[in-house]
Amino acid sequence: MGDPSNGSALSFFSDKSAKIFVAGHRGLVGSAIVRKLRHLGFTNLVLRTHLELDLTRQNDVESFFATEKPRFVILAAAKVGGIHANNTYPADFISINLQIQTNVIDSSYRHGVSKLLFLGSSCIYPKFAPQPIPEDALLTGPLEPTNEWYAVAKIAGIKMCQAYRIQYNWDAISGMPTNLYGPNDNFHPENSHVLPALMRRFHKAKVKGAKEVVVWGTGSPLREFLHVDDLADAVVFMMESYSGLGHMNVGSGKEVSIKELAELVKDVVGFEGKLVWDTSKPDGTPRKLMDSSKLAALGWTPKISLRDGLVDTYKWYLQHVEQ
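Computed from a predicted structure; not experimentally measured.

1. Quick notes on the overall build of the chain
- Across its full length, the chain carries 10 helices and 12 strands.
- Taken against the 2.2 N^0.38 rule, which gives 20 Å for 323 residues, the C-alpha radius of gyration of the chain at 20 Å falls within 12% of a compact globule.
- Dimensions of the chain, computed from C-alpha atoms along their principal axes, come out at roughly 65 × 40 × 40 Å.
- Here the chain, with 323 residues, has 50% of them falling under the buried criterion.

Written as structure tokens, this is what we have:
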């Protein structure tokens with residue numbers, strides 16, 4: 001069983017050779033966390049691909065923890081996707097994520113993990129949450145219907161961490177990132193989010209010598225973006241400096257309109273054609289900004305500007321996607 005006494009009192013930085021299990025290390029978030037930990041000199045990262053360890057299989061997860069006995073766990077593994085995927089596979093989104101979380105969190109506690117960080121998503125909040133969205137907006141209203149299956153699973157993960165802290169005095173914390181982008185993002189033509197989708201379309205248009213790119217909506221909605229390397233920095237900061245019952249928002253605190261974003265991506269990619277807005281198409285939620293003041297009050301702030309982050313992401317895209 002987990003030992004509450006070796007929780008928050010143990011500094012994350014005190015032993016760079018401590019075993020750290022990063023679940024989901026190949027994804028956008030997990031790969032950034034691995035890069036950050038290696039950069040900081042952590043030498044004992046425990047990593048498993050899905051083929052090596054299926055986190056939905058309880059017996060396999062139990063065996064893994066019994067054998068490896070990691071000291072710290074960062075849970076970045078999840079089944080993720082856009083609106084179309086969420087609408088098409090709701091059973092997968094709720095069941096797979098619930099299984100992953102339950103297996104990893106429970107096995108972590110039972111096999112003596114000192115501290116666990118669970119990562120969720122800003123979609124946990126009600127569709128009509130106040131702006132900027134504070135942590136205490138959780139469970140105050142209906143969710144966005146297009147991703148409620150995923151959101152319900154992530155809310156359950158937060159509550160599971162809180163329950164284990166209350167019942168066992170175990171150091172399990174949760175972080176909820178805003179919209180993320182960066183190396184290892186998904187640039188799929190149909191399933192990607194707005195930023196990588198824009199980057200891909202402007203690049204294709206530049207290569208083809210197209211005269212214009214059509215973008216849906218008016219461009220007026222406001223969105224918040226955080227480079228995934230900043231999130232990784234926040235994860236390490238929370239592992240060292242935060243132990244509390246409440247989940248913590250992780251955002252940039254800066255909003256950009258979709259129109260401003262499109263112009264910025266267009267400039268970074270070097271597409272010289274025209275940007276055309278199809279105002280017959282829907283805009284979506286007018287504003288979605290998270291209140292990350294609690295994390296800021298502890299001493300963490302993001303460091304990567306949106307332009308610098310886009311330049312970095314486009315370099316990665318050219319090297320890995322458009323080879």
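2. Looking at the side chain of Arg-165
- Here Arg-165 shows up in helix H5 (residues 148-168).
- According to the relative accessible area criterion, Arg-165 is buried, its value standing at 15%.
- Looking at Arg-165, its side chain comes within polar contact range of the main-chain oxygen of Gly-244, at 3.3 Å.
- In this structure, Arg-165 is in contact with Trp-170, Asp-171, Ala-172, Ile-173, Ser-243, Gly-244 and Leu-245, ignoring residues within four places of it in sequence.

3. A closer look at the side chain of His-227
- Mapped onto the elements of the fold, His-227 is located in strand E8 (residues 222-227).
- In this structure the side chain of His-227 is engaged in a polar contact, spanning 2.8 Å, whose partner is the side chain of Asp-312.
- In contact with His-227, other than residues within four places in its own chain, are Tyr-181, Gly-182, Pro-183, Ile-304, Gly-309, Asp-312 and Thr-313.

4. Some words on the sheet that holds strand E5 (residues 171-177)
- Strands sit in the order E2-E1-E3-E4-E5-E9 across an open sheet of six strands; the sheet is parallel. Bordering the open sheet on either side are strand E2 (45-46) and strand E9 (248-250), each of which pairs with just one other strand.
- With three bridges connecting them, E5 and E9 associate as parallel partners. For Pro-177, the partnering residue across the bridge sits in E9 and is Val-250.
- Contacting strand E3 (72-75), strand E4 (115-119), E5 and E9, helix H7 (residues 228-241) runs over the sheet at an angle of about 145° to E4.

5. Side note on empty space enclosed by the protein
- In the structure shown here, the tally under the stated rule is one cavity of 30 Å³ or more.
- Of the volumes computed, that of the largest cavity is approximately 30 Å³.
- Residue lining of the largest cavity: Ile-158, Cys-161, Gln-162, Ala-172, Ile-173, Ser-174, Gly-244, Leu-245, Gly-246 and His-247, and that is the complete set.
- Looking at the lining of the largest cavity, the elements that each hand over two or more residues are H5 and E5.

6. Notes on the packing of helix H8 (residues 258-269) against helix H10 (residues 306-320)
- Running from amino to carboxyl end, H8 crosses H10 at an angle of 50°, the nearest separation of the two axes being 10 Å. Relative to H10, the element H8 lies oblique. Of the two possible hands of crossing, H8 and H10 adopt the one that is right-handed. In this structure, H8 uses Leu-261, Leu-264, Val-265, Asp-267, Val-268 and Val-269 to contact H10, whose residues at the interface are Leu-306, Arg-307, Leu-310, Val-311 and Tyr-314.
- Across the contact of H8 with H10, the residue classes tally to nine nonpolar, no polar and two charged.

7. Observations regarding the layout of surface pockets
- Reported here for the second largest pocket is a volume of approximately 260 Å³.
- Ser-252, Lys-254, Ile-304, Ser-305 and Leu-306 are, among the 14 residues lining the second largest pocket, the residues nearest its centre.
- Only E8 and strand E10 (255-257) provide two or more residues apiece to the lining of the second largest pocket.
- For the lining of the second largest pocket, the leading source of residues is E8, giving three residues.

8. Here we look at unusual backbone geometry
- Going from Gln-131 to Pro-132, the amide bond is cis rather than trans, its omega being -10°.
- With respect to the helices and strands, the residue Pro-132 is situated in the loop between E4 and H5.
- One non-glycine residue, Asn-169, adopts positive backbone phi at about 55°.
- When you line up the elements, Asn-169 lands in the loop between H5 and E5.
- For Asn-169, a relative accessible area of 52% translates into the label exposed.
- The phi dihedral of Asn-184 falls on the positive side, at around 75°, and the residue is not glycine.
- Checked against the element boundaries, Asn-184 lands in the loop between strand E6 (179-181) and helix H6 (194-208).

Calculation rules
Residues numbered from 1 in each chain as written. Predicted model: local features only at pLDDT ≥ 70, side-chain atom pairs only at ≥ 80, totals over all residues. Heavy atoms only, no water. Helix = DSSP H or I, 4+ residues; strand = E, 2+ residues; numbered from the N terminus. Rg over C-alpha atoms; globule rule 2.2 N^0.38 Å. Buried < 20%, exposed > 50% of the residue type's maximum accessible area, 1.4 Å probe, protein only. Polar contact = N/O pair within 3.5 Å; in protein donor to acceptor, adjacent residues only side chain to side chain. Contact = heavy atoms within 4.5 Å. Pairing = 2+ DSSP bridges. Axes fitted to C-alpha atoms, helices over the stretch in contact; angles between N-to-C directions. 1 Å grid on protein atoms, 1.4 Å probe; cavity = no way out; pocket = protein on both sides within 12 Å on 5 of 7 lines; lining within 4 Å. Points joined across faces, edges and corners; volume = space filled by probe spheres on them. Parallel < 35°, antiparallel > 145°, perpendicular 65-115°, else oblique. Left-handed = near helix turned anticlockwise from the far one by under 90°. Nonpolar A, V, L, I, M, F, W, Y, C, P; charged D, E, K, R; others polar.

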